[in-house]
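What follows is each chain in one-letter form.
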Amino acid sequence: MNCPYCHQETEDTAAFCTKCGRRIPRCPACGEVITARIRFCTRDGTPIPEEMTRDLPGLEDTVAEPADEPWRAQTPPEQYQQPQEQESEPKKSGGTVGVLIAAIIVVVVIVLAAVLWTNGMLGQSDDENGEENQTSIVEEEAQDDEEQSEDGTEETEDGPEAETEDETDAGETADESDDETEQTEQLDISLTTNSLALYVGMTHQIIGANADQVNWTYSEPDIVEVDGNGQLTALAAGTVVATATGPNGETASVEVTVLALETEETEEPEEQESTENTEDETAEEETSGDYILPDSSSRYLTRSDLTGLTAWQCRLARNEIYARHGMIFEDAEVKAYFESKSWYHGTIAKADFSTDLFNEYEYANIELIVAYEKEMNYNQAN
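Residues numbered from 1 in each chain as written. Predicted model: local features only at pLDDT ≥ 70, side-chain atom pairs only at ≥ 80, totals over all residues. Heavy atoms only, no water.

J.: An account of the nonpolar core is needed here, citing residue identities and associated values.
T.: Among the nonpolar cores identified, the biggest contains 37 residues, and L191, I206, W216, L232 and V256 are the most heavily contacted of them. Elements with a contribution of two residues or more to this core: β1 (195-199), β4 (224-226), β5 (231-234), β6 (238-245), β7 (251-259), α5 (311-324) and α7 (360-375). Of all hydrophobic cores here, the second largest spans 16 residues; its members include L316, I321, F338 and I366. (Core = buried A, V, L, I, M, F, W, Y, C linked by side-chain atoms within 4.5 Å. Buried < 20%, exposed > 50% of the residue type's maximum accessible area, 1.4 Å probe, protein only. Helix = DSSP H or I, 4+ residues; strand = E, 2+ residues; numbered from the N terminus.)

This is the structure we're talking about:
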């Protein structure tokens, strides 16, 4: 191989001429030695950088390329022009980005200017409104002073009589207000009954609402006691009047007769209605034999009266007291039993029935039967 510059023979693979020391120009792709100022490699058509062939002889000094090899022509094919077009595109995109950034900056400046101008206008409007409000407040205060002066003049003209009338009206208003307050604070004390008979150890709910707001006093000590939930408990045999007192002095009383369980016959309370008609009816019932406990409505039963009764008999004995007053039973068996009795006449639905129809014997005897059923673990269905 000859050096293209000094034309001296050198090695084929040498990068520099061993004679003149200059770099051997070669095609960047195929390594072909470039011997003239050409734009494309004569072997594979690769573009040759201009600075690589600047000092080489012109093309006219070289051998012409065969005409049947168009790829060796000096006009580069389209495939070798694409890299140059691609290199120019980033320049265009760079210019577009610059324009966009400039446009964004302009828009931001305009928005900031508009915001500052709006805030300035609002501040000026607030200042004007504040001045107007202060002016109106001053005018209102002046008007109030004038009205007070006029009122003072009128009061002076009215004299002592007007003052006396005002004091009287104020006193009446205060009295009415006090009366309304007392009426509002009046506590409702409603007892379930005003007379009651129990055996020792039995309980009865004597008051429901406001039970924790009343105090209890007793005419006789240690006979009954009412707890904070309104439940009355029979402690010992005797008669006592228990009085509930509310926070404003409201009162309600109940008379309670407590009987001893071991006593078969207990003296009847002094204050009771005549029972002559009841005793006559009881006599007829005893002869008829249609009752479990014929005299449960005319005397206080004892535990010995219940001894030996079955659960079914206790259930019927308890419901006999309801049946005497005409309650209509919902249980089919109980209903059929009482409808078979000639003395039973059902006239009051169970939902409408009230225990206010019971006398003191019936109240106490129902409590006794219920306590006995619990003691014997009997079924206490109605």
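J.: Got a sec to walk through the packing of α5 against α7? Specific residues and values, please.
T.: Geometry of a packed helix pair, given as the angle between the helix axes and the separation of the axes. Closest axis-to-axis distance for the α5/α7 pair is 10 Å, and the angle between their directions is 160°. Taken together, the axes of α5 and α7 lie roughly antiparallel to each other. In the crossing of α5 with α7, the sense of the turn from one axis to the other is left-handed. Along the contact surface, α5 presents C314, R315, A317, R318, I321 and Y322, while α7 presents E362, N365, I366, I369, V370, Y372 and E373. Classifying every residue of the contact of α5 with α7 by side-chain character gives 8 nonpolar, 1 polar and 4 charged. (Axes fitted to C-alpha atoms, helices over the stretch in contact; angles between N-to-C directions. Parallel < 35°, antiparallel > 145°, perpendicular 65-115°, else oblique. Left-handed = near helix turned anticlockwise from the far one by under 90°. Contact = heavy atoms within 4.5 Å. Nonpolar A, V, L, I, M, F, W, Y, C, P; charged D, E, K, R; others polar.)

J.: Got a sec to walk through the sheet that holds β5? Specific residues and values, please.
T.: In space, the 3 strands of this open sheet follow the order β2-β5-β4, with antiparallel pairing throughout. Looking at the sheet topology across the chains shown, the edges are occupied by β2 (203-205) and β4. Averaged over all pairs of adjacent strands, the angle between strand axes in this sheet comes to 20°, irrespective of strand direction. Of the strand pairs in this sheet, β2 and β5 are connected by 3 bridges, and their pairing is antiparallel. Bridge assignment links T203 to a residue of β5, and that residue is T233. (Pairing = 2+ DSSP bridges.)

J.: Tell me what's going on with the sheet that holds β7, and back it up with residues and numbers.
T.: Overall, mixed pairing links the 4 strands, which are arranged β1-β7-β6-β3 in an open sheet. Lying at the two open borders of the sheet, with one neighbouring strand each, are β1 and β3 (215-218). Going from strand to strand, the sheet's axes swing by 30° on average, the running direction of each strand aside. The pairing of β6 with β7 spans 8 bridges and is classified as antiparallel. When the bridges of β7 are listed, G238 appears paired with V258.

J.: Can you explain the pairing of β7? Please cite residues and give values.
T.: As judged from the 5 bridges shared by β1 and β7, these two strands associate in the parallel manner. Paired with S195 across the two strands is E255, which belongs to β7. A loop of 5 residues connects β6 with β7, the two strands running antiparallel in sequence, and G249 in this loop sits at a positive phi of about 95°.

J.: Before we move on, can you summarise the environment of C30 with the specific residues and values?
T.: Topologically, C30 is positioned in the segment before α1 (82-158). On the basis of relative accessible area, C30 is assigned to the partly exposed category, the value being 27%.

J.: Give me the lowdown on a negative patch on the surface, citing residues and values where you can.
T.: Together, E139, E140, E141, D144, D145, E146 and E147 give the surface a local cluster of negative charge. Structurally, the position occupied by E146 is in helix α1. (Patch = residues over 30% accessible without salt bridge, like charges linked within 9 Å, V, L, I, M, F, W, Y side chains within 5 Å. Areas by Shrake-Rupley, 256 points an atom, 1.4 Å probe, with all protein chains shown as cover. Salt bridge = Lys/Arg side-chain N within 4 Å of Asp/Glu carboxyl O. Lys, Arg positive; Asp, Glu negative; His and termini not counted. Charge placed at Lys NZ, Arg CZ, Asp CG, Glu CD.)

J.: Please set out helix α6 (residues 332-339) residue by residue, giving values where relevant.
T.: Listing the buried residues of α6 in full gives V334, Y337 and F338. Mapping the buried residues of α6 onto a view down its axis gives an arc of 90°, with all of them on the same face. Its buried side turned inward, α6 meets α5. (Arc of directions from axis to C-beta.)

J.: Could you give me a rundown of the pattern of salt bridges, with the residues and numbers involved?
T.: All chains considered together, the criterion is met by 6 salt bridges. A salt bridge links R299 to D305; the shortest N-O distance between them is 3.2 Å. Residue D305 is classed as partly exposed on the basis of its relative accessible area, which comes to 22%. Taking the shortest distance from any N to any O, the salt bridge between D331 and R315 comes out at 3.3 Å.

J.: Describe in detail the packing of α5 against α6, supporting the description with residues and values.
T.: Two elements in contact, α5 and α6, have axes whose closest approach is 11 Å; the angle formed by their N-to-C orientations is 65°. For α5 against α6, the interelement crossing comes out right-handed. Within the contact between the two elements, α5 uses W312, R315, L316, N319, E320 and A323 and α6 uses E333, V334, Y337 and F338. Residues that form the contact of α5 with α6 fall into these classes: 6 nonpolar, 1 polar and 3 charged.

J.: An account of unusual backbone geometry is needed here, citing residue identities and associated values.
T.: One non-glycine residue, H7, lies in positive phi territory at about 60°. Relative to the helices and strands, H7 resides in the segment before α1. Even without a glycine there, the phi angle at N377 is positive, about 60°.

J.: Kindly report on the environment of Y5, identifying the contributing residues and their values.
T.: As for its position among the elements, Y5 is in the segment before α1. Note: C-alpha distance between Y5 and P25 (20 residues apart in sequence) is 9.7 Å. When neighbours within four sequence positions are excluded, Y5 is seen to be in contact with C20, R22, R23, P25, M52, D55 and L56.

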